[in-house]
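What the coordinates show
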Amino acid sequence: MDSTLETVDSAEQAASRIATEAGFDDDEVMRIAMAVREAAVNAVLHGNAYDPGKKVSLAFEQTGGNLVITIKDEGKGLDPDKIPDPLAPENLLKTSGRGIFLIRSFMDEVVISPSQTGTEIKLVKHVHGPSEGVKEASQ
Amino acid sequence: MSMKTSTRQVDGVTIVDCSGRITLGEGSVILKDVVRELLSKGQKKILLNLGDVNYIDSSGIGELVSAFTTVRNQGGELKLLNLTKKVHDLLQITKLYTVFDVKDDEAGAVKSFS
């Protein structure tokens, strides 16, 4: 997917649809979709820096009782240890830096894997709904 | 649905009725532009009515913080009115609920401005 704001919106909409199909309730769908949106924003804005030559990949998989969403960019690699705590008093009034915090708040597991060729972020939500076997990916 | 705003005056307070989404891109830019324009006109008592805002992402939260600090730094006040549950919950988990002055009654909110 291109490094554009349209990709961010598309990722959010896909997450909303797939989470709904997986049986999550409206509140959980909203949280999952927002987590995916925030991860897509990071990939497009901070990872690929809107570079038209760099792509974002997005994959959804429902397996083993989990909805697993993987978002990859082709940027320099995000070091999660260098992200300031947005809840620290000195950071409360900062205008950015809440994306990863929101992702971690809304998902059950978050794995951030930076490398020199980009960052992969894996989001996991435990499924309690009825359907299984959804698998979808877009590059 | 993209963000839309309209402004009205009540007893010296500018109420900005917002609807739609405040997200990275258009929504955040619209909010920034509205607040900047009000300040340029000397309107420094601003009440953001978010009753019809159904979605805010981290960029939108950042824009709310930016608006709040910009108005405060110019000697004004910016307060929030009629938060939806989703927006309320977001401000709670980001610990911003206690930073913003949040109101749920328009008449009372207008009176609260100094």
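The residue numbering used here restarts from 1 in each chain and proceeds along that chain's sequence as written. As a convention, the first chain written is A and the first ligand written is 1, with the rest following in written order. Local features in this predicted model are restricted to residues whose pLDDT is 70 or higher, and side-chain atom pairs enter the listing and the counts only when it is 80 or higher, whereas totals over whole chains, interfaces and linings include all residues.

Structural notes on the overall build of chain A
For clarity, the threshold we go by: Note on conventions: DSSP H or I runs of at least 4 residues are helices, E runs of at least 2 residues are strands, and numbering of each starts at the N terminus. In this scheme every C-beta is placed from the backbone, and a residue whose C-beta has 20 or more other C-beta atoms within 10 Å is buried, one with 12 or fewer is exposed, and one in between is partly exposed.
Scanning chain A from N- to C-terminus turns up 3 helices and 5 strands. When the helices and strands of chain A are read in sequence order from the N terminus, they spell out α-α-β-β-α-β-β-β. Burial status across chain A gives 37% buried among its 139 residues.

Quick notes on the interface of chain A and chain B
The following threshold applies: Whether two residues are in contact depends on their C-beta atoms, placed from the backbone: they are in contact if these lie within 7 Å. Polar here means any residue other than Ala, Val, Leu, Ile, Met, Phe, Trp, Tyr, Cys and Pro, which are nonpolar, and Asp, Glu, Lys and Arg, which are charged; Gly is therefore polar.
Taken together, the contact pairs 17 residues of chain A with 16 residues of chain B. Counting residues per element, the ones that place at least two in the side of chain A that touches chain B are helix H1 (5-21), helix H2 (26-47) and helix H3 (99-106) of chain A. In terms of residue count, the dominant contributor to the side of chain A that touches chain B is H2(A) (5 residues). Partitioning the side of chain A that touches chain B into residue classes produces 10 nonpolar, 4 polar and 3 charged.

Focus: the sheet that holds strand S3 (residues 45-56) of chain B
Residue and element names in this part refer to chain B. Quick reminder of the rule: The pairing criterion is simple: DSSP has to find at least two bridges between the two strands. Interaxial angles span 0 to 180 degrees and are taken between N-to-C directions of axes, which are lines fitted to C-alpha atoms, for helices over the stretch in contact.
The sheet built from 5 strands is open, its strands ordered S1-S2-S3-S4-S5 with mixed pairing. Both edges of this open sheet fall to strand S1 (4-10) and strand S5 (102-103), since each of them pairs with a single strand only. Running at roughly 170 degrees to strand S2 (residues 13-22), helix H1 (residues 26-40) makes contact with S1, S2 and S3 of the sheet.

Observations regarding the confidence of the model for chain A
For clarity, the threshold we go by: For every residue, the predictor assigns a confidence score, pLDDT, that lies between 0 and 100.
In the predicted model, chain A carries a mean pLDDT of 89, and the fraction of residues at 70 or more is 91%. pLDDT under 50 marks residues 129-133 of chain A. Its contacts with residues more than four places away, or in other chains, come to 9 contacts.

Topic: the nonpolar core
Put simply, the rule reads: What we call a nonpolar core is a set of buried Ala, Val, Leu, Ile, Met, Phe, Trp, Tyr and Cys residues whose membership is set by joining through C-beta atoms within 7 Å.
Within the largest apolar cluster, 34 residues are counted, with the highest numbers of intra-cluster contacts made by A:Ala35, A:Val36, A:Ala39 and A:Ala40. Elements with a minimum of two residues in this core: H1, H2, strand S1 (57-63), strand S2 (66-72), H3 and strand S4 (118-126) of chain A. Considering each element in turn, this core owes the most residues, 10 residues, to H2(A). Setting aside its immediate chain neighbours within four residues, A:Ala35 contacts A:Leu102, A:Ile103, A:Phe106, A:Met107 and A:Leu123. Judged by nonpolar contacts, the second largest core, of 31 residues, contains B:Val34, B:Ala67, B:Val71 and B:Ala109.

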